[in-house]
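Letter by letter, the chains look like this.
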Amino acid sequence: MKHFIVPIALLACIMATSCNTNKRLYETGVAYHQANQADHERIMELKSKGSPDAWPEIFERYCSIKGRSDEMAHFPPEVKRELRFMPLDLNDELTQARNKAEAYLAAKASQVLSGQTPDVDEADRLIRHLERVNRDNKQINDLKLKSLARRYGDISRMMHIEVFERQVGPNRDETVSFKESQGGMTATVTDHKLSKTATIKGKVNFIEPKKRRIVFSMPYEVSSNFEHTYSTVDGPQAACSAQTLENLKRKPVPFPTDESLIEDAQNKLVDLIYQKIQ
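Now for a description of the structure that goes with this document.

The rules we used
Residues numbered from 1 in each chain as written. Predicted model: local features only at pLDDT ≥ 70, side-chain atom pairs only at ≥ 80, totals over all residues. Heavy atoms only, no water. Helix = DSSP H or I, 4+ residues; strand = E, 2+ residues; numbered from the N terminus. Buried < 20%, exposed > 50% of the residue type's maximum accessible area, 1.4 Å probe, protein only. Contact = heavy atoms within 4.5 Å. Areas by Shrake-Rupley, 256 points an atom, 1.4 Å probe, with all protein chains shown as cover. Polar contact = N/O pair within 3.5 Å; in protein donor to acceptor, adjacent residues only side chain to side chain. Core = buried A, V, L, I, M, F, W, Y, C linked by side-chain atoms within 4.5 Å. Salt bridge = Lys/Arg side-chain N within 4 Å of Asp/Glu carboxyl O.

## Digging into the overall build of the chain
Next, step 1: Looking only at helices and strands, the chain has eight helices and four strands in total.
Next, step 2: Reading the chain from its N end, one meets helices and strands in the order α-α-α-α-α-α-β-β-β-β-α-α.
Next, step 3: Here the chain holds 278 residues, and 31% of them are scored as buried.
Next, step 4: Nonlocal contacts in the chain, meaning residues at least 24 apart in sequence, comprise 68% of its contacts between residues at least 6 apart.
Next, step 5: Total accessible area on the chain stands at roughly 17,900 Å², and carbon and sulfur atoms take up 51% of it.

Listed below in structure tokens is the structure:
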């Protein structure tokens, strides 16, 4: 029978490797729990103060805890047992912190831009922070528009409108007919509703005048709607009600062209932009 002798140097190497692995696992576990504890304590401290400006940091602290927990979740089961890892469910806390952080940052940026001497750089910092919290926040584009207007003044010369899609509906003439009687006379009244809609979709680029670079872009979808009502009568007008007689004063008008509706939609887009920067 053959005997295999493990060299002392190799045995020492194996033992050292095992010890180093255990040491690293221990250090990782300690670091994980210490970092979470530090974040938790800071969150509790910030919440106890009850100040709205604390919510962005609270949200970031919750994100840090969740990020570490998600990374640890991918470790092998035996490693997680060694590190005493317990999965954390922070969805409710994250949602609440995100909502309150967004509300504070949006309100603060709007307040800064509304002052007599707005600090545009500070507003832009707050807007960037809001984007980091939630890039889909619906107030971001409006805040960016206000910031551009405060920084550059007249932004009309900065706007370049790109149209990606035009949709123009058909000419519609919807009618409803009914009879009216009065003084022994009867007439047939027809109410007409003319309608047509044009919608444009695209992007507005705001280009800095001096450097000719795009500083901000925003998508848009805007519609122009044409509507006109009038009535016609077959029979004596003396048989008609007062309301119908009033409607008979309105005469039919031609439908607008596709081009005129598209142009009106573009004008509405410009008006909408200026409403947002007020």
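## As for unusual backbone geometry
Next, step 1: A positive phi angle is found at Arg212, which is not glycine, with a value near 55°.
Next, step 2: For Arg212, the location among the structural elements is in the loop between strand 3 (185–207) and strand 4 (214–234).

## Digging into the side chain of His192
Next, step 1: Position of His192 among the secondary structure elements: in strand 3.
Next, step 2: Residue classification places His192 among the buried positions, given a relative accessible area of 13%.
Next, step 3: Polar side-chain contacts of His192 include one of 3.2 Å to the side chain of Asp173.
Next, step 4: When near neighbours in sequence (up to four residues on either side) are disregarded, His192 contacts Asp173, Glu174, Thr175, His228, Thr229, Tyr230 and Thr232.

## Some details on the nonpolar core
Next, step 1: Of all hydrophobic cores here, the largest spans 24 residues; its most connected members are Ile58, Phe59, Tyr62, Ala97, Leu130 and Leu143.
Next, step 2: At the level of elements, helix 1 (8–49), helix 2 (55–72), helix 4 (91–114), helix 5 (120–133) and helix 6 (140–152) are the ones that each hand at least two residues to this core.
Next, step 3: Ranked by residues supplied to this core, first place goes to helix 4 with eight residues.
Next, step 4: When neighbours within four sequence positions are excluded, Ala97 is seen to be in contact with Trp55, Ile58, Phe59 and Tyr62.

## Observations concerning the side chain of Glu208
Next, step 1: Summarising the element assignment, Glu208 is placed in the loop between strand 3 and strand 4.
Next, step 2: When near neighbours in sequence (up to four residues on either side) are disregarded, Glu208 contacts Tyr152, Met158, Arg213 and Val215.

## A few points about the pattern of salt bridges
Next, step 1: For the structure shown, the criterion picks out 17 salt bridges.
Next, step 2: Arg42 is the salt-bridge partner of Glu57, the closest N and O atoms lying 2.9 Å from each other. Of the two residues, Glu57 is situated in helix 2 and Arg42 in helix 1; the sequence distance between them amounts to 15 residues.
Next, step 3: Judged by relative accessible area, Glu57 falls into the partly exposed class, the value being 24%.
Next, step 4: We note a salt bridge from Glu227 to Lys193, for which the minimum N-O separation is 4.0 Å. Of this pair, Glu227 sits in strand 4 while Lys193 sits in strand 3, and the two are 34 residues apart along the sequence.
Next, step 5: Judged by its relative accessible area of 55%, Glu227 is exposed.
Next, step 6: Residues joined in a network through salt bridges with shared partners are Asp39, Arg42, Glu45, Lys49, Glu57, Arg61 and Arg68.

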